[in-house]
Amino acid sequence: MASATDWARSIGTTIVNHLRQEEIASLRKYKVFAALEGSGNVRTNMAGRGFDFEVQYRNHTPTGNNGETPRVFSRENLWKKAELEYRGAQVTDAIYKKEMLENRGAQALVNVAGKMSNRLLTSMEQYLAKEWVVDGYAAGNELRFHGIESFMGTNGTINVSTGDQRSANSADPFAYPSDTYAGLSTVLGAYGGSQKSGVWPNGEADPEFDFFTPVITNYTSSYFGGTTWAANCVKAVRESIHQCRRNDTLEDQIDMTILDRRLYIDMLNTLDSKERVIVSKQNGLRSYGFTDVFELDGVEISSETSVPTNVGYGLALGNMELLCMEGQLLNAEGPFYDEITQQYRYVVSMLGNLKFKSPRSFFKLVALA
């Protein structure tokens, strides 16, 4: 007959071992986290009350020189500081002493522990799988990650002719970004600079004009030739991908576009109707076991249940990190016996946050007008 001590030891070691073996594999079931982990962008053992990172928002200004021109030396600050706190999640379970007595025997003990670990892992992985999307500043999300929606707020659209902000208009292909992320504004020109030519995001702008500004594409705009996703999807996605390629470095380039399932299916149907050849590379999402992937202009396109209805996102994985305070993503605690309730209690938790180095390297697809 198993004693309470035997039971506690069995369930403790069984769940801890199960978590150790499964925690990374569980997140690999989801495309965004699989890509982050596969690209080495998960960092553990982070310290501090939160974290900050420097964002270069402008460049030095060169001046003319004829070989004898006097030089003026002065210190220049090229950076803005972005700051975020750590957040996390926890999931709990408990087994009463009476249930322990009902499950005597070595095999029964392992089964109880196995069921508990599966419940905890499934609950946590399904929760975390959606955290990359969450607006961490929205009411009720004070303890959730600062996901991509944390910097995708808008205020109307950008007038396609003048570049001015105005109420959402179907003629305009881009929204006017208006949000704050990590303490910095995403509004065009919030830190100086100007649009030198064309209408943003086309043309040329000073680095400080849009260094923290994402591209938010109004995919129902008549600018693309139609008024529906099915009619405009190829042009809208292509426009978003290449507008983000205004960035200079390799890590700023869009790696993947993740769509709502309905948008993904409609885009596939549009491509089929045009008899376009869909070519998929083997070293991206497919290398993690996902087969529902195709390419457009070298960028992988797929879908995931975490994406809100009728929305899509473009991700530059080189500009994303998952930061964790623990030595591993998930931390197992317990079992703890509570004499009052006669329960064995167990917790699986994590503390961390997502870090987007700059919203400039990401885009959103949304129907605005």
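Keep in mind that this is a model prediction, so the values were computed, not measured. (Residues numbered from 1 in each chain as written. Predicted model: local features only at pLDDT ≥ 70, side-chain atom pairs only at ≥ 80, totals over all residues. Heavy atoms only, no water.)

Asks: I'd like a rundown of the overall build of the protein, residues and numbers included.
Replies: Across its full length, the protein carries seven helices and 20 strands. Excluding contacts between residues fewer than 6 apart, the proportion of contacts in the protein whose partners are at least 24 apart in sequence is 71%. Surface accessibility of the protein: about 17,700 Å² in total, with carbon and sulfur atoms responsible for 47%. (Helix = DSSP H or I, 4+ residues; strand = E, 2+ residues; numbered from the N terminus. Contact = heavy atoms within 4.5 Å. Areas by Shrake-Rupley, 256 points an atom, 1.4 Å probe, with all protein chains shown as cover.)

Asks: Let's hear about the environment of L84: which residues, and what values?
Replies: Residue position: L84 is located in strand 3 (residues 79-85). Each C-alpha atom of the pair L84 and Y181 lies 8.6 Å from the other, and the pair is 97 residues apart in sequence. If sequence neighbours within four positions are ignored, L84 has contacts with G50, F51, Y137, H146, Y181, A182, N353 and L354.

Asks: Tell me about the sheet that holds strand 12 (residues 215-218), and please be specific about residues and values.
Replies: Whenever strands of a sheet pair, they do so through backbone hydrogen bonds, lying parallel or antiparallel. One open sheet accounts for six strands, arranged 12-20-16-13-15-14; its pairing is mixed. Of all the strands in the sheet, just strand 12 and strand 14 (294-296) have a single pairing partner and so form its edges. Neighbouring strand axes in the sheet, compared pairwise and without regard to direction, differ in orientation by 25° on average. Judged from the four bridges that link them, strand 12 and strand 20 (residues 363-366) form a sheet pairing that is parallel. Each residue of the ladder has a partner; that of N218, found in strand 20, is V366. Its contacts with the sheet put helix 2 (residues 31-38) on strand 13 (256-259), strand 15 (299-303) and strand 16 (312-315), and the angle it makes with strand 13 is roughly 160°. (Pairing = 2+ DSSP bridges. Axes fitted to C-alpha atoms, helices over the stretch in contact; angles between N-to-C directions.)

Asks: So, the nonpolar core: which residues are in play, and what are the values?
Replies: A general trend in soluble globular proteins is that nonpolar side chains are found buried together. Core analysis: the biggest nonpolar cluster contains 59 residues, and W132, I148, L315 and F362 have the highest contact counts within it. W200, I241, C244 and L263 belong to the second largest nonpolar core, which has 29 residues in total. (Core = buried A, V, L, I, M, F, W, Y, C linked by side-chain atoms within 4.5 Å. Buried < 20%, exposed > 50% of the residue type's maximum accessible area, 1.4 Å probe, protein only.)

Asks: Go over the packing of aromatic side chains, please, and point to the residues and values.
Replies: Summed over all chains, the structure comprises 16 aromatic pairs. Between F356 and F362 the ring centres are 5.1 Å apart and the planes differ by 80°, which places this aromatic pair in the edge-to-face class. In this structure F362 comes out as buried when scored by relative accessible area, which is 0%. Of the aromatic side chains, those joined through ring pairs into one cluster are Y57, F151, Y181, Y191, F211, F212, F356 and F362. The ring of Y57 is capped by K80, whose NZ or CZ atom sits 4.9 Å from the centre of that ring. (Phe/Tyr/Trp six-rings, centres within 6.5 Å; stacked < 30°, edge-to-face > 60°. Lys NZ or Arg CZ within 6 Å of the ring centre and 35° of its normal.)

Asks: For the environment of L184, give the residues involved together with the corresponding values.
Replies: Within the element layout of this structure, L184 appears in strand 9 (residues 184-185). What makes L184 buried here is its relative accessible area of 5%. Taking the C-alpha atoms as reference, L184 lies 8.7 Å from E83; in sequence the two are 101 residues apart. Not counting residues within four places of it along the chain, the set of residues in contact with L184 comprises V55, K80, K81, A82, D179, Y191 and F212.

Asks: Give me the sheet that holds strand 6 (residues 165-166): which residues, what numbers.
Replies: Spatial ordering of the open sheet is given by 6-5-7, a layout of three strands whose pairing is antiparallel. The sheet terminates laterally at strand 6 and strand 7 (175-177), the two strands that pair on one side only. In the sheet, strand 5 (residues 154-158) pairs with strand 7 via two bridges, with the strands oriented antiparallel. When the sheet's bridge partners are listed, T157 is paired in strand 7 with A175.

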